[in-house]
Amino acid sequence: MELRQKLAILADAAKYDASCASSGSRRRNDGTQLGDTTKIGICHSYTPDGRCVSLLKILLTNYCIYDCQFCVNRVTSDTPRARFTPAEVAHLTIEFYKRNYIEGLFLSSGIIRSVDYTMEQLIEVARLLRYQENFNGYIHLKTVPGASPELIERAGLVADRLSANVELPTQEDLDRLAPEKSRQQIEKTMQEMAGQILASGEEVRKHKSAPKFAPAGQSTQMIVGATASTDGQILQTADALYRRHRLRRVYYSAYSPIPHGDDRLPPEPPPLIREHRLYQSDWLIRFYGFGVNELTTAAEPNLSLEMDPKLSWALRNRDRFPVDLNKAPRELLLRIPGLGVRNVDRIIQIRRHQSIRLDDLAKLRAPMRRIRAFVITADHNPEALRIDRDDLAHRVVTPHVQLELFAAAGSARTGEV
């Protein structure tokens with residue numbers, strides 16, 4: 001099979017993996033190498049399904065001995081198959097990099113022969129790039145759960161980021177759709193990587209010349225909507241992985257129906273807004289001090305699709321509002337709907353010199369419709385007196401309007417508004 005045909009098959013097969021953005025890795029070129037990495041990361045090109053990447057994002061092969069029902073590359077699928085050699089992937093990466101098409105490589109693979117053999121093949125690609133081609137750019141390797149610790153160590157020394165996909169939110173989901181995989185095995189691999197990253201960081205602090213292990217950390221991906229697991233279960237899993245294995249990111253990927261899919265899979269994908277709400281909740285847990293049990297409850301195990309999770313929480317906890325912007329501590333300001341970390345820090349700076357008024361919020365470009373009912377300012381704010389009204393949700397939620405591309409194009413052509 002020609003290289004171009006392999007590329008078409010294996011690049012298309014890789015589009016379902018969302019955990020490929022880079023961040024946190026900085027490596028400077030010493031003048032003898034090709035490329036470098038920057039801490040701000042790589043994320044500015046688009047795959048055919050609309051995801052934003054700037055990496056050569058491919059599989060080494062889409063042959064696979066596993067039969068994960070949600071995966072287009074499962075052993076029972078009739079999808080066209082192809083396999084690169086490690087040298088072919090290294091060649092493509094260098095050629096694309098020199099043409100300025102890409103800034104790095106994201107490499108995953110189906111499982112061939114055995115877990116360790118597959119992992120060795122992935123490492124060989126990175127080894128060729130680093131030591132034969134002198135490639136100093138970004139490399140993200142997908143590790144295979146169950147690979148030996150020695151191979152994980154070798155992978156981390158040639159890659160910027162490693163990731164092991166948790167795939168589904170619960171072990172019951174895995175038993176149902178991916179029986180060859182287990183949460184215990186996946187987390188054991190994550191634990192190996194977390195231990196190596198921690199040890200490497202301590203060694204680098206003592207000796208700057210010490211080799212770095214996966215300097216951009218590790219991440220994982222969870223498929224959303226392939227099973228009946230609730231958003232609460234998904235967030236519980238993500239929160240546990242962050243705490244136990246020091247992950248940089250958990251990526252949530254809405255399930256995409258595949259050709260000839262199993263009857264146990266839903267015929268339609270979940271709404272993309274669900275994926276968005278999970279990312280918002282993930283952010284609230286990591287940076288705003290929210291707990292998973294605050295964002296979803298036993299009565300409402302799924303996030304609202306109509307409003308963001310912080311606003312939804314605020315409406316369920318009206319007794320904690322309105323909050324005085326001139327007196328409240330930072331952790332309470334962060335819970336006000338419409339106020340992000342940056343604006344909270346600005347408010348704390350401003351109130352050292354003057355009292356916060358509604359006009360100040362408008363100058364900060366805070367969403368006034370959403371925020372007014374939840375705050376007390378130095379001037380009169382009648383909306384704060386209506387916090388207990390039954391129609392509060394209707395008054396603070398901005399209805400979503402789907403933009404119409406063709407209507408806009410027609411308006412531009414005819415001049416009619």
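Bear in mind that the values here come from a model prediction, so they are computed numbers and not experimental data. (Residues numbered from 1 in each chain as written. Predicted model: local features only at pLDDT ≥ 70, side-chain atom pairs only at ≥ 80, totals over all residues. Heavy atoms only, no water.)

**Things to note about the overall build of the protein chain**
Here comes step 1: Along the protein chain, the regular secondary structure elements total 16 helices and 8 strands.
Here comes step 2: Put simply, the protein chain has 417 residues, and 51% of those count as buried.
Here comes step 3: Of the contacts formed within the protein chain by residues at least 6 apart in sequence, a portion of 66% connects residues at least 24 apart.
Here comes step 4: Entry remark: accessible area of the protein chain is about 21,000 Å², with carbon and sulfur atoms responsible for 51%. (Helix = DSSP H or I, 4+ residues; strand = E, 2+ residues; numbered from the N terminus. Buried < 20%, exposed > 50% of the residue type's maximum accessible area, 1.4 Å probe, protein only. Contact = heavy atoms within 4.5 Å. Areas by Shrake-Rupley, 256 points an atom, 1.4 Å probe, with all protein chains shown as cover.)

**What about helix α10 (residues 309–316)?**
Here comes step 1: With 7 of 8 residues buried, α10 is to be regarded as a mostly interior element.
Here comes step 2: Residues of α10 that are buried: Pro309, Lys310, Leu311, Ser312, Trp313, Ala314 and Leu315.
Here comes step 3: Buried residues in α10 make contact with α8 (272–287), α9 (292–295), α14 (368–371) and α15 (392–396).
Here comes step 4: By the N-cap criterion, in which a side-chain oxygen at the helix start approaches the backbone nitrogen of a residue two or three places on, α10 is capped by aspartate 308, the distance to lysine 310 being 3.0 Å. (Polar contact = N/O pair within 3.5 Å; in protein donor to acceptor, adjacent residues only side chain to side chain.)

**Concerning the environment of leucine 315**
Here comes step 1: Mapping leucine 315 onto the fold places it in helix α10.
Here comes step 2: In this structure leucine 315 comes out as buried when scored by relative accessible area, which is 14%.
Here comes step 3: Each C-alpha atom of the pair leucine 315 and alanine 393 lies 7.2 Å from the other, and the pair is 78 residues apart in sequence.
Here comes step 4: Leave out the neighbours within four places in its chain, and leucine 315 touches Met307, Phe374, Leu392 and Ala393.

**Re the packing of aromatic side chains**
Here comes step 1: For the structure on display, the rule yields 7 aromatic pairs.
Here comes step 2: Plain terms: the ring middles of phenylalanine 96 and tyrosine 101 are 5.6 Å apart, the flat faces sit at 50° to each other, and that makes the pair tilted.
Here comes step 3: Among the residues examined, tyrosine 101 registers a relative accessible area of 53% and is labelled exposed.
Here comes step 4: Look at tyrosine 252 and tyrosine 279: their rings are 5.1 Å apart centre to centre, the planes differ by 80°, and that puts the pair in the edge-to-face class. (Phe/Tyr/Trp six-rings, centres within 6.5 Å; stacked < 30°, edge-to-face > 60°.)

**Focus on the confidence of the model for the protein chain**
Here comes step 1: Of the residues in the protein chain, 89% reach a pLDDT of 70 or more, and the chain-wide mean stands at 88.
Here comes step 2: Here helix α16 (residues 405–414) stands out as the least confident element of the protein chain, with mean pLDDT 50; helix α3 (residues 115–132) is the most confident, with 97.
Here comes step 3: Low pLDDT, under 50, characterises residues 40–48; the stretch is placed with 24 contacts to residues that sit more than four places away or in other chains. (pLDDT = per-residue confidence, 0-100.)

**Overview of α8**
Here comes step 1: Taking 1.5 Å of rise per residue, the 16 residues of α8 would be expected to cover 22 Å, and the 23 Å separating its terminal C-alpha atoms lies within 8% of that figure.
Here comes step 2: Among the residues of α8, Arg274, Glu275, Arg277, Leu278, Ser281, Asp282, Leu284 and Ile285 are the ones counted as buried.
Here comes step 3: Contacts made by the buried residues of α8 are with β5 (218–224), α7 (231–245), β6 (249–254), α9 and α10.
Here comes step 4: Two residues or fewer after α8 comes glycine 289, characterised by a positive phi angle close to 80°. (Expected span 1.5 Å × (residues − 1).)

**Looking at the pattern of salt bridges**
Opposite charge on two side chains permits them to pair, given that their charged atoms come into close proximity.
Here comes step 1: What the rule picks out here adds up to 19 salt bridges.
Here comes step 2: Notably, a salt bridge pairs arginine 244 with glutamate 187, separated by 2.9 Å at the nearest N-O pair. Here glutamate 187 lies in helix α6 (residues 183–206) and arginine 244 lies in helix α7, a separation of 57 residues in the sequence.
Here comes step 3: Under the relative-accessibility criterion, arginine 244 is labelled partly exposed at 49%.
Here comes step 4: Taking the relative accessible area as the measure of exposure, glutamate 187 reaches 11% and is therefore buried.
Here comes step 5: Through salt bridges with shared partners, one network takes in Glu383, Arg386, Arg389, Asp391 and Arg395. (Salt bridge = Lys/Arg side-chain N within 4 Å of Asp/Glu carboxyl O.)

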